[in-house]
Amino acid sequence: MTTTQPDIMYGVDIVSRFMKTPRQSHLQATKHILRHVKGMQNDGIFYSCANKIELIGYIDNDWAGDIEKRKSTLGYVFHFSFSVFSPS
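Owing to the predicted nature of the structure, the values given are computational and were not obtained by experimental measurement. (Residues numbered from 1 in each chain as written. Predicted model: local features only at pLDDT ≥ 70, side-chain atom pairs only at ≥ 80, totals over all residues. Heavy atoms only, no water.)

**Brief notes about the overall build of the protein chain**
Here is step 1 of the chain: Counting secondary structure elements, the protein chain contains 2 helices and 3 strands.
Here is step 2 of the chain: In sequence order, the protein chain lays out its α and β elements as α-α-β-β-β.
Here is step 3 of the chain: For the protein chain, the proportion of its 88 residues judged to be buried stands at 11%.
Here is step 4 of the chain: Sequence-distant contacts, at least 24 apart, represent 39% of the contacts inside the protein chain between residues at least 6 apart.
Here is step 5 of the chain: When the accessible surface of the protein chain is summed, it comes to about 7,800 Å², and 58% of that surface belongs to carbon and sulfur atoms. (Helix = DSSP H or I, 4+ residues; strand = E, 2+ residues; numbered from the N terminus. Buried < 20%, exposed > 50% of the residue type's maximum accessible area, 1.4 Å probe, protein only. Contact = heavy atoms within 4.5 Å. Areas by Shrake-Rupley, 256 points an atom, 1.4 Å probe, with all protein chains shown as cover.)

**Points about the packing of helix H1 (residues 9-16) against helix H2 (residues 24-39)**
Here is step 1 of the chain: In contact at an axis separation of 10 Å, H1 and H2 are set at 150 degrees when each is read in the N-to-C sense. Here H1 lies roughly antiparallel to H2, going by the angle between them. The handedness of the crossing between H1 and H2 is left-handed. Of the residues in H2, those touching H1 at Gly11, Val12 and Val15 are His26, Ala29, Thr30 and Ile33.
Here is step 2 of the chain: For the contact of H1 with H2, the per-class residue count stands at 4 nonpolar, 3 polar and no charged. (Axes fitted to C-alpha atoms, helices over the stretch in contact; angles between N-to-C directions. Parallel < 35°, antiparallel > 145°, perpendicular 65-115°, else oblique. Left-handed = near helix turned anticlockwise from the far one by under 90°. Nonpolar A, V, L, I, M, F, W, Y, C, P; charged D, E, K, R; others polar.)

**Things to note about H2**
Here is step 1 of the chain: An ideal rise of 1.5 Å per residue puts 22 Å on 16 residues; H2 measures up with 23 Å between its terminal C-alpha atoms.
Here is step 2 of the chain: Tucked inside the fold, the buried residues of H2 contact H1. (Expected span 1.5 Å × (residues − 1).)

**As for the pairing of strand E2 (residues 73-80)**
Here is step 1 of the chain: Two strands pair when backbone bridges link them, and strand E1 (residues 55-62) and E2 are joined in this way by 8 bridges, in the antiparallel orientation. By the bridge assignment for E2, asparagine 61 is matched with leucine 74.
Here is step 2 of the chain: Relative to strand E3 (residues 83-85), E2 runs antiparallel, the two being bridged by 3 bridges. When the sheet's bridge partners are listed, phenylalanine 80 is paired in E3 with serine 83. (Pairing = 2+ DSSP bridges.)

**Considerations on the confidence of the model for the protein chain**
Detailed reading of the predicted coordinates is not advisable wherever pLDDT is low.
Here is step 1 of the chain: The predicted model of the protein chain has a mean per-residue pLDDT of 79, with 80% of residues at 70 or higher.
Here is step 2 of the chain: Confidence scores differ between elements of the protein chain, with E3 showing the lowest mean pLDDT of 72 and H2 the highest of 90. (pLDDT = per-residue confidence, 0-100.)

The following block contains the structure:
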């Protein structure tokens, strides 16, 4: 679910770190995330039913392109049927 809704990714990551020994605050945070997801049930990407369904991905990266810090950059986007999305 964090792939299709990147706005909850950080919260889910933090809460999942405490699955072994959860506290009341973690339960409250989880309920907050679930309320957020429930409120967004009608939002999202519409995938139409088509005869030909294709998944096409485009990726661009730069291996250590930053000369000073030697950091790499990466970007990607996917095209599924008639919808475009970019999981991040």
